[in-house]
Amino acid sequence: MKPTDIAAPDYFHKVVDCQWACPAHTPVPEYIRLIAQGRYSDAYMINWKSNVFPGILGRTCDRPCEPACRRGRVEETPVAICRLKRVAADFKDDIKQRLPRPSPKNGKRVALIGGGPASLTVARDLAPLGYHCTVFDADPEAGGMMRTQIPKFRLPNSVIDEETGYILDLGVEFKGGHRIDSMKSLLAEKYDAIFVGSGAPRGRELDIPGRKEAAANIHIGIEWLANVSFGHTDKIGKRVIVLGGGNTAMDCCRTARRLGGEKVTVVVRSGFEEMKASPWEKEDAIHEDIPILNYMVPVAFKHVAGKLIGVTFQHVKAEYDAKGRRNLVPSGDPDQTIPCDDVLVAVGQENAFPWIEQDCGIEFDKWHMPKVDPTTFVSTNPKVFFGGDAAFGPKNIIWAVAHGHDAALSIHRLLSGEDVSERPLPEVHVTSQKMGIHEWSYDNDISNDKRFKVPHRDKVIALKDIRTEVELGYDVKLALGEAHRCLNCDVQTVFSTSLCIECDACADICPMDCITFTDNGEENDLRQRLKAPSPRPDQDLYVSSDLKTGRVMVKDEDVCLHCGLCAERCPTGAWDMQKYFIEMTHAGSACPTKSRSAA
Amino acid sequence: MTYIAKPKFHHPGLKKNELGYTHRDYEGKISTLCAGCGHDSITASIIEACYELSIEPHRVAKISGIGCSSKTPDYFLGNSHGFNSVHGRMPSVLTGANLANRDLIYLGVSGDGDSASIGFGQFAHSIRRGVNMTYIVENNGVYGLTKGQFSATADRGSKSKKGVTNTDNAIDLVAIALQLGATFVARSFSGDKTQLVPLIAAAIRHKGASFIDVISPCIAFNNHAGSTKSFDYVREHNDAVNRLDVLVGRDPIAVDYAPGTVQLVEQHDGSRIALRKIDADYDPHDRLGAQTFLAKHAAKGQIVTGLLYVDPDAEDLHEHLNTVETPLNTLEADTLCPGSAVLDKINASLR
């Protein structure tokens, strides 16, 4: 193998698995260290810069970082990254003084359609640069799906108000209750750029017999949740069936429990394991006495005189064809009818752009989705950008934020007369953490603690009021314990070939057997000859240039604890622990000019 | 010195030996030696050898004297018996322990000061008695704990860190061990675990006095130009006569040996050593030949490493003394003191 190029910004970035997995590339270990030091405001600001909504995401994020967390490969569970983010939001001081000031306007006008996370991120990035940003939303208040679809017992309004407020206070104009019905007329208003962040607002229908006849008691999940959110709906029947296995279904069933649903049942087509809902959301639903029945396909709504009385299901089983594709086939068991008073349909969301006329220069593909460049988020109309669920279909908040940052960068470059497709390199800092012979400016003593549980409110109290937040969040003590579980993966092991005397001290001390001195070879061959098995080819090998004996140093990054013992036991300083910090390129960052090829 | 404890986590894919232990289970406390010390590599080699042999830690007694090397038993086999004895007195403590309980595996860990200076006599007598043990000297040629004076194994003409030339002749412990009748004699280098680990494993399986001299560079005081015990010097002058694999039980011999290059040595306990010859003419069963070979190469400044001599049918001290099979420390009082009738009989036989 060729010697590893650690100067490439992505090499060490990939070692920080959580940050690499985060669509917005939040510097996770950095903010967790700040939490451990009690510097909550600093931790919050690191988050705010990357993901814009730390308090909201700290309660609702889909957490792609946690399955990626190295700790999960070393013991059973990853660090509770998401809930530590909430800690930063809960315990911070007033951070208003740290936010950017509204700046003098530069005369350029940007229209943002939809007041959700994608649009607000664009506005957050562009407003401080002097752009006049106008956000349009059909709802009276900003937040989009964060406000309408996520129940208040998971995400209180106060948190949404605070974090959307930080953005609107940057001099962003918010036009609530103002639905955009025509792209054409918006284009006629001569905005310099338009960003579409209107989400995936349409709940998918379930067209089976009885749908029309029993319509009064059959509700589309996201519409129903929005009605609950705005107080238009405040009760539901005693027996409720929720159809669907995603996070919306989980929100529906838990909301139904709080509005009078005594016997709430979730029914999914697939197996329990394959459900789209996050495992912790399923857990929370089950904890609230909501059974989840699987491998049952709804075939008809049963009704008597226009009144819904139940849903009939066919039992199915999974069969896999030669290509490993799953098919659901009837299991042969007799159909089952579950009686109910109301049904909530949460079987998916769709995009809908009836308001974009065909002659706007915006092309759509055969799935009726706009043709959007996945890097620049520009549509076929060079002034119109898409982001969030509106761009590539339903994902989640953190993806919308990531899209927003990239789209804002594109808009800024477009309106600065620069090439939109050229993406400036991120700024990377690599700093030695050495303080003394065996002292580091980070805590390298590895905690053996298991993941700390987030305290929940008592179920009886939680179920009484739909606005009572269920999760209480970590207290300071629990947060400190959980923060200590972080392995500081951003503190990198950096090897200098010229200093190494091949004494083996690092290989001997390494608790994870990451380091091997051996003859060089092709990657597959090298992976076979390491001190410990190397089962994850997606985890890089760090290979040195040739050493004095002709061998090379090979380090499997997979399960490195970043404990620094290799550097402590190295007599010549050939190993050093250096903190890697990457500043993702946002609109207006003082960017180096070199363009980059990789993500 | 590292202040944190070595993390308990280990690689999730670590292999386990027959007892279900990983090599991490054979570790001791974290080393307090200087960073990069050769001794730590020997520690790692002992851990690896014991792991590979699936040795039950409680069946091992590790005994040492004084010095950097003698501190190392604290860093391996944390669940074994240990005795950190007086300077140079490891061999007599080990001999006593071995006499009292012949069932344990004895690891004598010593250094060049402990064995070639203050304990030279002790070393000599434990070897010539044929105590069943593995005697490892971690040999760095300097007194590291007292800041780097030449030890008795420092080569004549080699230089100290400050540039002073050694004018005394060196003691070659391997040559002495051969002369005194050790039945397993080897030399290796802390920086060459592929050679050292199987040597330690073979020595542990050997019945009789096994002696391994391990050149172990002292990073702080003896790893400079002019030293003959530095990493660079040893690597340049290392003349390995063979490399070996230890085969326990019915392990098949790996097939990738070129024909005629492997010599099989079956030890007393049925384990086999597959010696891969590097020097085709070297015969590890010829004590006199080994002595001559060593002397010739030493004169040329070469460091001969490998398994230098082995007598697979060796006897040990217990056989010499005709002691009972049962370890003496488990004999009951009525066996140890069979009564006046037996005493009368013995007395009568001597009249």
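These numbers come from a predicted model, not from an experiment. Going along each chain's sequence as written, the residues are numbered from 1 onward. Think of it this way: whatever chain is written first is A, whatever ligand is written first is 1, and the rest follow in order. Residues qualify for local features only when their pLDDT is at least 70, as the model is predicted, and side-chain atom pairs are given and counted only at 80 or more; totals for whole chains, interfaces and linings, by contrast, use all residues.

**Some remarks on the overall build of chain A**
Then comes step 1: Numbering goes from the N terminus for both helices and strands, where a helix is a DSSP run of H or I of at least four residues and a strand is a run of E of at least two. In terms of helices and strands, chain A carries 22 helices and 24 strands.
Then comes step 2: This radius of gyration counts C-alpha atoms alone. The globule rule is 2.2 Å times how many residues there are, raised to the power 0.38. Taking 599 residues into account, the globule formula puts the C-alpha radius of gyration at 25 Å, and chain A, at 26 Å, falls close to it.
Then comes step 3: Seen along its three principal axes, the alpha-carbon backbone of chain A occupies a region of about 90 × 65 × 50 Å.
Then comes step 4: Counting over 599 residues, chain A shows a buried share of 47%.
Then comes step 5: Contact between two residues is assigned when their C-beta atoms, built from the backbone, lie within 7 Å. If you take every contact in chain A between residues at least 6 apart in sequence, the share linking residues at least 24 apart comes to 73%. Counting other C-beta atoms within 10 Å of a residue's own tells you its class, since 20 or more makes it buried, 12 or fewer makes it exposed, and anything in between is partly exposed; those C-beta atoms are placed from the backbone.

**Points about the overall build of chain B**
Then comes step 1: If you tally the helices and strands in chain B, you get twelve helices and 13 strands.
Then comes step 2: Relative to its length of 351 residues, chain B is compact, with a C-alpha radius of gyration of 21 Å against a globular reference of 20 Å.
Then comes step 3: Judged by the C-alpha coordinates and their principal axes, chain B covers about 70 × 50 × 50 Å.
Then comes step 4: Counting over 351 residues, chain B shows a buried share of 49%.
Then comes step 5: Long-range contacts, defined here as pairs at least 24 residues apart, represent 73% of the contacts in chain B between residues at least 6 apart.

**Some remarks on the interface of chain B and chain A**
Then comes step 1: Chain B puts 25 residues into the contact, and the matching count from chain A is 29 residues.
Then comes step 2: Mapped onto the side of chain B that touches chain A, the elements with two or more residues apiece are helix 1 (38–52) and helix 8 (231–237) of chain B.
Then comes step 3: Among the elements that line the side of chain B that touches chain A, the one with the most residues is helix 1 of chain B, at four residues.
Then comes step 4: Gly falls in the polar group here, along with every residue not listed as nonpolar (Ala, Val, Leu, Ile, Met, Phe, Trp, Tyr, Cys, Pro) or charged (Asp, Glu, Lys, Arg). A per-class count over the side of chain B that touches chain A returns twelve nonpolar, eight polar and five charged.

**So, helix 11 (residues 157–168) of chain A**
All names here are of chain A.
Then comes step 1: A rise of 1.5 Å per residue sets the reference length of helix 11, with its twelve residues, at 16 Å; its end C-alpha atoms lie 16 Å apart and thus fit the reference within 8%.
Then comes step 2: Taken as a whole, helix 11 has its buried residues at Val159, Ile160, Glu163, Thr164 and Ile167. Projected down its long axis, helix 11 carries its buried residues within an arc of 110°, all on one side. Away from its buried face by more than 90 degrees, helix 11 exposes Ser158 and Gly165.
Then comes step 3: Against helix 5 (54–60), helix 9 (117–126) and helix 10 (145–148) lie the buried residues of helix 11. Here, expected helix span is obtained from the residue count minus one, scaled by 1.5 Å. Summarising the geometry, the arc corresponds to the directions from the helix axis toward the C-beta atoms.

**With respect to unusual backbone geometry**
Then comes step 1: Although it is not a glycine, Asp289(A) sits at a positive phi angle of roughly 65°.
Then comes step 2: For Asp289(A), the position within the fold is in the loop between helix 15 (279–287) and strand 9 (292–293).
Then comes step 3: Looking at Asp289(A), the number of C-beta atoms within 10 Å reads 12, which means it is exposed.
Then comes step 4: Despite not being glycine, Ser54(B) shows a phi value in the positive range, around 50°.

**A few points about helix 14 (residues 247–258) of chain A**
Residues and elements named next belong to chain A.
Then comes step 1: Here helix 14 is twelve residues long and its end C-alpha atoms lie 17 Å apart, about the 16 Å a rise of 1.5 Å per residue gives.
Then comes step 2: Counting buried residues in helix 14 gives twelve out of twelve residues, a clear majority hidden from the surface.
Then comes step 3: Along helix 14, the positions that sit buried rather than exposed are Asn247, Thr248, Ala249, Met250, Asp251, Cys252, Cys253, Arg254, Thr255, Ala256, Arg257 and Arg258.
Then comes step 4: For helix 14, the secondary structure elements touched by its buried residues are helix 13 (221–229), strand 7 (239–243), strand 8 (263–267), helix 15 and strand 14 (342–345).
Then comes step 5: Note on helix 14: the residue one or two positions beyond its end, Gly260, has a positive phi of about 110°.

**Here we look at the sheet that holds strand 24 (residues 575–583) of chain A**
By way of backbone hydrogen bonds, the strands of a sheet pair with one another, either parallel or antiparallel.
Residues and elements named next belong to chain A.
Then comes step 1: A strand pair is defined by DSSP finding two or more bridges across the two strands. Within the open sheet, the three strands sit side by side as 17-24-20. Their pairing is antiparallel. Edge positions in the open sheet fall to strand 17 (427–432) and strand 20 (491–495), since each of these has one partner strand only. Adjacent strand axes in the sheet meet at a mean angle of 40° when their direction is disregarded.
Then comes step 2: Pairing of strand 17 with strand 24 involves six bridges; the strand directions are antiparallel. The residue of strand 24 that forms the bridge with His429 is Phe581. Orientation is described by lines fitted to C-alpha atoms, with helices fitted over the stretch in contact, and by angles between N-to-C directions that extend from 0 to 180 degrees.

**A closer look at the nonpolar core**
Residues and elements named next belong to chain A.
Then comes step 1: Of all hydrophobic cores here, the largest spans 212 residues; its most connected members are Ile35 and Phe195.
Then comes step 2: Examining the composition of this core, we find that eleven residues originate from one element, helix 17 (residues 397–415), more than from any other.
Then comes step 3: Setting aside residues up to four positions removed in sequence, Ile35 forms contacts with Tyr40, Ala43, Leu84, Val87, Ala88, Ala479 and Ala483.
Then comes step 4: Here, a nonpolar core means buried Ala, Val, Leu, Ile, Met, Phe, Trp, Tyr and Cys residues linked by C-beta atoms lying within 7 Å of one another. Membership of the second largest hydrophobic core comes to 36 residues, among which are Ile222, Val242, Val264 and Val343.

**Considering the UniProt feature "domain: Thiamine pyrophosphate enzyme TPP-binding" (unreviewed entry) in chain B**
Then comes step 1: UniProt positions are given in the numbering used here, feature names are shortened, and annotations may be inferred rather than shown by experiment. Residues given the UniProt feature "domain: Thiamine pyrophosphate enzyme TPP-binding" (unreviewed entry) here are residues 66–214 of chain B.
Then comes step 2: Across residues 66–214 of chain B, the secondary structure splits into 34% helix and 23% strand, with the terminal C-alpha atoms separated by 17 Å.

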